[in-house]
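Topology and contacts: notes
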Amino acid sequence: MATFELYRRSTIGMCLTETLDEMVQSGTLSPELAIQVLVQFDKSMTEALETQVKSKVTIKDALFKNEDCQENVGRVKIVACDSKLLTQ
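Below: a short report on this structure. (Residues numbered from 1 in each chain as written. Predicted model: local features only at pLDDT ≥ 70, side-chain atom pairs only at ≥ 80, totals over all residues. Heavy atoms only, no water.)

**Some points on a nonpolar patch on the surface**
A cluster of nonpolar side chains, namely Val-57, Ile-59 and Ile-78, defines an oily patch on the protein surface of about 310 Å² accessible area. Mapped onto the secondary structure, Ile-78 falls in the loop between β2 (70–76) and α4 (84–87). (Patch = residues over 30% accessible without salt bridge, like charges linked within 9 Å, V, L, I, M, F, W, Y side chains within 5 Å. Areas by Shrake-Rupley, 256 points an atom, 1.4 Å probe, with all protein chains shown as cover. Salt bridge = Lys/Arg side-chain N within 4 Å of Asp/Glu carboxyl O. Helix = DSSP H or I, 4+ residues; strand = E, 2+ residues; numbered from the N terminus.)

**Examining the environment of Ile-78**
Judged by relative accessible area, Ile-78 falls into the exposed class, the value being 63%. Separated by 21 residues in the primary sequence, Ile-78 and Val-57 place their C-alpha atoms 8.6 Å from one another. (Buried < 20%, exposed > 50% of the residue type's maximum accessible area, 1.4 Å probe, protein only.)

**Here's the deal with the packing of helix α2 (residues 11–26) against helix α3 (residues 31–52)**
Packed helices, taken two at a time, are described by the angle their axes make and the gap between the axes. Between α2 and α3, the shortest axis-to-axis distance is 9 Å and the interhelical angle comes to 170°. Regarding the angle of α2 to α3, the classification is roughly antiparallel. By crossing handedness, the relation of α2 to α3 is classed as right-handed. Seen from α2, the contacting residues are Ile-12, Gly-13, Leu-16, Thr-17, Leu-20 and Val-24; seen from α3, they are Pro-31, Ala-34, Val-37, Leu-38 and Phe-41. When grouped by side-chain class, the residues that make up the contact of α2 with α3 number nine nonpolar, two polar and no charged. (Axes fitted to C-alpha atoms, helices over the stretch in contact; angles between N-to-C directions. Parallel < 35°, antiparallel > 145°, perpendicular 65-115°, else oblique. Left-handed = near helix turned anticlockwise from the far one by under 90°. Contact = heavy atoms within 4.5 Å. Nonpolar A, V, L, I, M, F, W, Y, C, P; charged D, E, K, R; others polar.)

Take a look at the structure:
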């Protein structure tokens with residue numbers, strides 16, 4: 001799942017998409033402009049997360065294991081989201 005899909009599946013994203021769909025169907029808005037609005041929404045959400053989120057955790061020298069092998073990595077980046085958004 002692409003990152004932007006998480007934003008669009010949030011309450012605000014679904015409401016925006018529904019409203020844009022209604023506006024396109026009624027002829028108030030062109031499909032091209034609706035797509036531009038969604039693209040801007042994606043950019044705005046990404047920017048807000050990059051600039052507004054203050055919580056950060058750093059994991060150094062992590063050891064990942066599975067049945068077949070293990071790998072020691074110097075740095076780990078974890079992106080967290082509400083798992084309920086993935087099942088809607």
